[in-house]
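Chain by chain, the residues:
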Amino acid sequence: MADLTQTAPAQTTRTAIRWASVLDHAILIAGAALMIVPLLMMLQMSTIPDAQVMQHGPSLQIGGEFWDNLRKALFQSMSFSGETTGLTMFRNSLILGLGFAIGKIVVAMLAAYGIVYFRLRFATLAFWLIFTTLLLPLEVRIVPSYEITQKLGLLNSWTGLIVPLIASATATFFFRQYFMSVPEELVEAARIDGAGPVRFFIDILVPLSRTMIAAMFIIMFVYGWNQYLWPLMVSTQEDKVTLVQGIKQITQSLEGNHIPEYGRSNVLALLAVLPPVLVVLFFQRWFVKGLTESDK
């Protein structure tokens, strides 16, 4: 009789744990469906004729227009010169995303390295001045940034698109926190071995910061990939139009009297989602590990 009374709470606990697991998975599945269903709707709309979408809207029907819309999205021109295709815009967005990510990481690591390891009198003040720039988004400082870029003659160039915005207070903050977690014994050992500041940074800090670099790369790549306002102002050449700008141009042309190109615009939107998703999936473990290690 005593054995029955002892096993009953254990069975109840196992049942409670099982239901908690079911609830957790249900929440995760609902969240995943909330994110995936709009993408599936765009994919479905790209398989049926544009006229049918205009008449009936989204449906469950699967058509045969996807490959034709994919060909139009990748190879058909969207500019007067005939140079701006989906592949060209994809390449430009990739250059912009990689340029932002690499540039911001390099600048932020150097800034954090100087603040943490060099005995500067106003290092803390300089850090907080850098950190307060988070209160000034791009839309607030875009006019002076554009004026400086114009005076330097950097309009319609990759340098003008990337360099004025590569300073990152967010990345500087995370790298500073990570560098402060590096043991002082490691610094002393490197100094005893004769490692100078440059060698210590390249041979020790950079390898130790791989996870943090991966985490910042994801954030900064997505930031650069999704840029719309800055490239729109700095560059007026058709060969530097990004994928986000191309999608906006197509959606603006939907207001005419002709049948809107829903299929083409949906395929371009799906293509614009792929690189950030692939980057996140590839660096997922490093991303989580890098953000958690910054608190040690």
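Whatever comes next refers back to the structure up there.
Predicted model, so just to flag it, every value in this text is computed and none were measured.

## Re the overall build of the protein
For step 1, the next point in the chain: On a plain count of helices and strands, the protein comes out with 15 helices and zero strands.
For step 2, the next point in the chain: In the protein, buried positions account for 37% of the 296 residues.
For step 3, the next point in the chain: Accessible surface, the protein as shown: approximately 17800 Å² in total, 68% of it carbon and sulfur.

## Some details on the nonpolar core
For step 1, the next point in the chain: Counting 45 residues, the largest nonpolar core has Y117, F175, F179, F200, L205 and L268 as the members making the most contacts within it.
For step 2, the next point in the chain: Looking at this core, the elements with two or more residues in it are helix 3 (66-75), helix 4 (86-117), helix 8 (169-180), helix 9 (184-192), helix 10 (197-208), helix 11 (210-225), helix 13 (243-253) and helix 14 (262-282).
For step 3, the next point in the chain: When residues of this core are assigned to their parent elements, the largest contribution, nine residues, is made by helix 4.
For step 4, the next point in the chain: By size, the runner-up hydrophobic cluster in this structure holds ten residues, among which are L96, F100, I162 and V234.

## Observations concerning the packing of aromatic side chains
For step 1, the next point in the chain: What the rule picks out here adds up to 21 aromatic pairs.
For step 2, the next point in the chain: On the numbers, 6.1 Å between centres and 40 degrees between planes, the contact of F175 with F179 is tilted. Of the two residues, F175 and F179 both sit in helix 8, four residues apart, roughly one turn of that helix. Pair check on accessibility: F175 and F179 agree, each one buried.
For step 3, the next point in the chain: Between F282 and F283, the aromatic rings sit 4.9 Å apart at their centres with planes inclined by 90 degrees, giving edge-to-face as the arrangement.

## Details of the packing of helix 8 against helix 11
For step 1, the next point in the chain: For the pair helix 8 and helix 11, the least separation of the axes is 11 Å and the interaxial angle reads 170 degrees. Taken as axis vectors, helix 8 and helix 11 run roughly antiparallel relative to one another. Taking contact as the criterion, the partners of T170, A171, F174, F175 and Y178 in helix 8 are, on helix 11, M212, I213, M216 and M220.
For step 2, the next point in the chain: In terms of residue class, the contact of helix 8 with helix 11 is built from eight nonpolar, one polar and no charged.

## A short note on the environment of I219
For step 1, the next point in the chain: Tracing the backbone shows I219 in helix 11.
For step 2, the next point in the chain: Taking the C-alpha atoms as reference points, I219 and F287, 68 residues apart in sequence, are found 9.3 Å from one another.

## With respect to a nonpolar patch on the surface
For step 1, the next point in the chain: A grouping of L39, V273, L274, V277, L278 and L281 is seen on the molecular surface, where their side chains present a nonpolar patch of about 500 Å² in accessible area.
For step 2, the next point in the chain: Inspection of the secondary structure assignment puts L278 in helix 14.

## Some remarks on unusual backbone geometry
For step 1, the next point in the chain: Even without glycine at this site, N156 takes up a positive phi of about 60 degrees.
For step 2, the next point in the chain: By secondary structure assignment, the location of N156 is in the loop between helix 6 (138-151) and helix 7 (158-162).
For step 3, the next point in the chain: We classify N156 as partly exposed; its relative accessible area is 25%.

## Observations concerning the pattern of salt bridges
For step 1, the next point in the chain: The tally for this structure, following the rule as stated, stands at five salt bridges.
For step 2, the next point in the chain: Put simply, E147 and K151 hold a salt bridge, and the shortest N to O gap is 3.3 Å. Of this pair, E147 and K151 are both found in helix 6, four residues apart, which corresponds to roughly one turn of the helix.
For step 3, the next point in the chain: For E147, a relative accessible area of 39% translates into the label partly exposed.
For step 4, the next point in the chain: Its salt-bridge partner being R199, residue D203 comes within 3.5 Å of it at the nearest N-O pair. Here D203 pairs with R199, and both are found in helix 10, just four residues apart, close to one helical turn.
For step 5, the next point in the chain: Three or more residues joined by partner-sharing salt bridges are found here, namely D68, R71 and K72.

## Notes on the side chain of S235
For step 1, the next point in the chain: Relative to the helices and strands, S235 resides in the loop between helix 12 (229-234) and helix 13.
For step 2, the next point in the chain: Leaving out residues up to four positions away in the same chain, S235 has contacts with N156, L161 and K240.

## Some remarks on the packing of helix 11 against helix 14
For step 1, the next point in the chain: Across the interface, helix 11 lies against helix 14 with an axial gap of 9 Å and an inter-helix angle of 170 degrees. Classed by the angle they form, the pair helix 11 and helix 14 counts as roughly antiparallel. When helix 11 is examined against helix 14, the residues F217, I218, F221, V222 and W225 are found in contact with a partner set consisting of L271, A272, P275, P276, V279 and V280.
For step 2, the next point in the chain: In the contact of helix 11 with helix 14, the residues fall into eleven nonpolar, no polar and no charged.

Reading the values: the criteria
- Residues numbered from 1 in each chain as written.
- Predicted model: local features only at pLDDT ≥ 70, side-chain atom pairs only at ≥ 80, totals over all residues.
- Heavy atoms only, no water.
- Helix = DSSP H or I, 4+ residues; strand = E, 2+ residues; numbered from the N terminus.
- Buried < 20%, exposed > 50% of the residue type's maximum accessible area, 1.4 Å probe, protein only.
- Areas by Shrake-Rupley, 256 points an atom, 1.4 Å probe, with all protein chains shown as cover.
- Core = buried A, V, L, I, M, F, W, Y, C linked by side-chain atoms within 4.5 Å.
- Phe/Tyr/Trp six-rings, centres within 6.5 Å; stacked < 30°, edge-to-face > 60°.
- Axes fitted to C-alpha atoms, helices over the stretch in contact; angles between N-to-C directions.
- Parallel < 35°, antiparallel > 145°, perpendicular 65-115°, else oblique.
- Contact = heavy atoms within 4.5 Å.
- Nonpolar A, V, L, I, M, F, W, Y, C, P; charged D, E, K, R; others polar.
- Patch = residues over 30% accessible without salt bridge, like charges linked within 9 Å, V, L, I, M, F, W, Y side chains within 5 Å.
- Salt bridge = Lys/Arg side-chain N within 4 Å of Asp/Glu carboxyl O.

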